[in-house]
Amino acid sequence: MTFELSVYEFDCVIVGSGIAGLRAAEVVGPHARTCVITKGKSKESSTQYAQGGIAVALNEDDAPSHHFEDTLAAGDGLCDPEAVRVLVEDGPRRVEELIGMGANFDKKNGDFDFTTEGAHRKRRILHAGDATGREIEKALGRKLLLDGYVSFFEDTAVLELLVQDKRCYGCIAIKAGKLAVFYAKSVILATGGYSQVYAYNTNPPLATGDGIALAYNAGCEVADMEFVQFHPTTLYLGDKKPISIFLITEAVRGEGAILLNQNLERFMPRYHPDAELAPRDIVSRAILSEMQNTKTDHVYLDLSGLTVDIPSRFPTIYKRCLESQIDITKSFIPVAPAAHYCMGGICTDVWARTTIDGLYAAGEVTSMGIHGANRLASNSLLDGLVFGYRAGRHVVDSLPGNAEPLDRALPMRDRFVPSHQDRIKLMRIREELRSLMWHDVGIVREGDALEKVLNRLKGFESAIAGFGFHEDVIEVQNMLLVSRLCAEFAFARQESRGAHFRVDFPVRDDVAWQLHLVGKASGAQLEKVPNIAKRPL
Ligand code: FAD
Ligand code: SIN
């Protein structure tokens, strides 16, 4: 069946309405015809659910150099120092601007109430209770509304990028069953990560890796796809398997909560000198090991040592746990790890440029080596803020050079609605994929199992290859693609580092592997490179 094709014309199209997309929109809006396209409602994003806070060196005993060192240490030898330097040095100014837009972070006696989380040596995390992301989205959303420059297309999914001669000139999207072409001089991908490919994860359902798949299919390089961060503490609710699992912020441990195993013994001091505040990968693996030793599928968080008023400091968690009959002021919280954040993504330089002209990427969808093999807690919101701004700034500065009309093709696409049978097959494949990724490409990996996963994924890809151009099909294709890349990269990296742990290669090997893996759709072998942020130049 052929559907009507709407055509829109903008200078800049931004895909995604999380922190990176909104910050970019705020920068570009006053200078160029700009729109934000977003798959759900504009508030729906991982950003909206961010709890713990945003890390920034603004406390008086702190400095960007300390933040730099902690980021590098958590990244386990794989951070790009140049990119990290941009993050920590631009960070304070960007956060001050956010505060200027009305973001209201908690204060104590008139000063910011900085908290801490795993692997931070200073108290440098600004927060708004345990709903920091919501506060940031509110401030950015309000600013965009007051400025009034930017158009929003909600419930609109981008399905394909338009690229000719290594130059991006827009995208194809779908809204309410209708295809639309968005022509643009620049496109900024700010579509977040792919944690939804795991059966247990903290992300909203939209986090299916679309931006990475769009860019990869258009010819961009992707890097570090093997590194997926598993958050140690998400609410464990027995057999119930929601699509997204509720997070119990690391800030709870920052304020003094401890982890107990099934025998109610504190175990983290046996695994790391920083105990509950060790880097996330170490805490997640320690929990996994305790669960295996005690043959259970959860451990406990004990908040009894906290000196803060729990219901007012952590109101969202307090309410959510009460809904499940857990009063966290009196009882332990049952917790287990879940997929949370993707360090891998589209290669960009420090101005958010990809290897395709006119195509930018910012936030969790990218990989430029800021987070190395394991992201430092609360650095992700800062990443989106700093590099969303930089993407926007570069687009604005390039406008005069981009002004010449492009010789653009009008893409012809038919949208095919899958049959009932095909839909059932699609749902089954999605669920099998999520379970496969959880079991075999999760916190602990092993070569033979990864090889089997790769074969299964190729089988799934061929099973739905002929299903046609439809948003539900494309979403599952995207999930399969990013999962395959994650498994391929994980199979190739024969060592253990940060969030990537191979039981068959359990040791970090700096001689062979202090390198990033980079791949592209050309079919060429994965490349090993010392530095990602310099690639797109
Ligand atoms: P997102 O906020 O994920 O936004 C992606 C956007 O892209 C969404 O609007 C989505 O609808 C849109 N999109 C996706 N695909 C398409 C498509 N095909 N077409 C159109 N639109 C599309 N980090 C911290 O630093 N501190 C924290 O305290 C913290 N807590 C967290 C708690 C939770 C529960 C979660 C899930 C994450 C947390 N993180 C935290 C991580 C952090 O929130 C995210 O990494 C960050 O918000 C990502 O921002 P982003 O702008 O890159 O993407
Ligand atoms: C949390 O609040 O524990 C999440 C913080 C993060 O992902 O950086």
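Residue numbers restart at each chain and count upward from 1, following the sequence in its written direction. For this description, chains carry letters from A and ligands carry numbers from 1, given in the order in which they are written. Selection of residues for local features in this predicted model requires a pLDDT of at least 70, selection of side-chain atom pairs for listing and counting requires 80 or more, and totals for whole chains, interfaces and linings are taken over all residues. As a convention, hydrogens and water are excluded, and side-chain values are obtained from all of the structure's heavy atoms.

Some remarks on the packing of helix 13 (residues 447-463) against helix 14 (residues 471-492)
Condition: Note on method: axes are straight lines fitted to C-alpha atoms, helices fitted across the in-contact stretch only, with angles between N-to-C directions ranging 0 to 180 degrees. Under the DSSP-based scheme used, a helix requires at least four consecutive residues in state H or I and a strand at least two consecutive residues in state E, with every element numbered from the N terminus. Roughly parallel means an angle under 35 degrees; roughly antiparallel means over 145; roughly perpendicular covers 65 to 115; every other angle is labelled oblique. Whether a crossing is left-handed or right-handed is set by the direction in which the near helix is turned from the far one by less than a right angle, anticlockwise for left-handed and clockwise for right-handed. Contacts are assigned to residue pairs with any non-hydrogen atoms lying within 4.5 Å of each other. Amino acids are sorted into nonpolar (Ala, Val, Leu, Ile, Met, Phe, Trp, Tyr, Cys and Pro), charged (Asp, Glu, Lys and Arg) and polar (every other residue, Gly among them).
Contact geometry for helix 13 and helix 14: axes closest at 9 Å, N-to-C directions at 155 degrees. By the angle between their directions, the pair helix 13 and helix 14 is classed as roughly antiparallel. Relative to helix 14, the crossing made by helix 13 is left-handed. Contacts from Gly447, Leu450, Glu451, Val453, Leu454, Leu457, Lys458, Phe460 and Glu461 in helix 13 reach Leu480, Leu481, Ser483, Arg484, Ala487, Glu488, Ala490 and Phe491 in helix 14. Considered class by class, the residues forming the contact of helix 13 with helix 14 number 10 nonpolar, 2 polar and 5 charged.

Some thoughts on the pairing of strand 15 (residues 333-342)
How we decide: When a residue's accessible area, from a 1.4 Å probe over protein chains only, is under 20% of the maximum for its type it is buried; when over 50% it is exposed; and in between it is partly exposed. Here, a strand pair is defined by DSSP locating no fewer than two bridges between the strands.
Taken across its 10 residues, strand 15 has 10 buried, putting it largely inside the fold. Here 6 bridges tie strand 12 (residues 228-235) to strand 15, and the two strands are oriented antiparallel to one another. Paired with phenylalanine 230 across the two strands is alanine 339, which belongs to strand 15. Where strand 14 (residues 299-302) meets strand 15, 3 bridges bridge the pair, whose relative direction is antiparallel. Within the sheet, the bridge partner assigned to valine 299 lies in strand 15 and is valine 335.

Some words on the sheet that holds strand 19 (residues 516-519)
The mixed open sheet is built from 5 strands, whose spatial order is 18-16-11-19-20. Where the open sheet ends on each side, the last strands, each with one partner, are strand 18 (366-367) and strand 20 (527-529). Both strand 11 (residues 222-223) and strand 19 contribute to a ladder of 2 bridges, which runs antiparallel. Bridge pairing links alanine 223 to valine 518 in strand 19. Strands in contact with helix 6 (residues 210-217) are strand 11, strand 16 (345-347) and strand 19; relative to strand 16, the strand with the most contacts, it is inclined by about 40 degrees. Set on the sheet, helix 14 makes contact with strand 11 and strand 19; between it and strand 19 the angle comes to about 140 degrees.

Let's talk about the site of ligand 1
Here is the rule: Nearness is judged by heavy atoms alone; a residue qualifies as near a molecule or strand once a single heavy atom is within 4 Å of it. Counted as a polar contact is a pair of N or O atoms within 3.5 Å, where, for protein atoms, one must be capable of donating a hydrogen and the other of accepting one, and residues adjacent in sequence contribute only when both atoms are in side chains. Method for areas: the Shrake-Rupley scheme with a 1.4 Å probe, in which residue coverage is limited to the protein chains shown.
In the vicinity of ligand 1 lie 39 residues, with Thr47, Gly53, Glu364, Ser380 and Leu381 positioned nearest. Alanine 190 has a polar backbone atom sitting 3.4 Å from an oxygen atom of ligand 1. Separating an oxygen atom of ligand 1 from a side-chain N or O atom of serine 380 is a distance of 2.5 Å. Contact with the protein chains hides 97% of the accessible area of ligand 1, taken as 1,000 Å² for the molecule alone. The set of elements that each furnish at least two residues to the shell around ligand 1 consists of helix 1 (19-28), helix 2 (46-49), strand 8 (156-164), strand 15 and helix 11 (379-402). Partitioning the shell around ligand 1 into residue classes produces 13 nonpolar, 21 polar and 5 charged.

Thoughts on the site of ligand 2
Gln51, Gly52, Glu117, His231, Leu247, Thr249, Glu250, Arg280, His340, Arg375, Ala377 and Ser378 make up every residue found near ligand 2. Within the side chain of threonine 249, one N or O atom sits 2.6 Å away from an oxygen atom of ligand 2. Within the backbone of glutamate 250, one N or O atom sits 2.7 Å away from an oxygen atom of ligand 2. Here ligand 2 has 260 Å² of accessible area as a free molecule, and 93% of this is covered by the chains. Among the residues making up the shell around ligand 2, the classes are represented as 2 nonpolar, 6 polar and 4 charged.

Things to note about the environment of phenylalanine 68
Here phenylalanine 68 is to be found in helix 3 (residues 64-74). Residue phenylalanine 68 is classed as buried on the basis of its relative accessible area of 13%. With 20 residues separating them along the chain, phenylalanine 68 and valine 88 place their C-alpha atoms 6.2 Å apart. Setting aside residues no more than four positions away along its own chain, phenylalanine 68 makes contact with Pro81, Val84, Arg85 and Val88.

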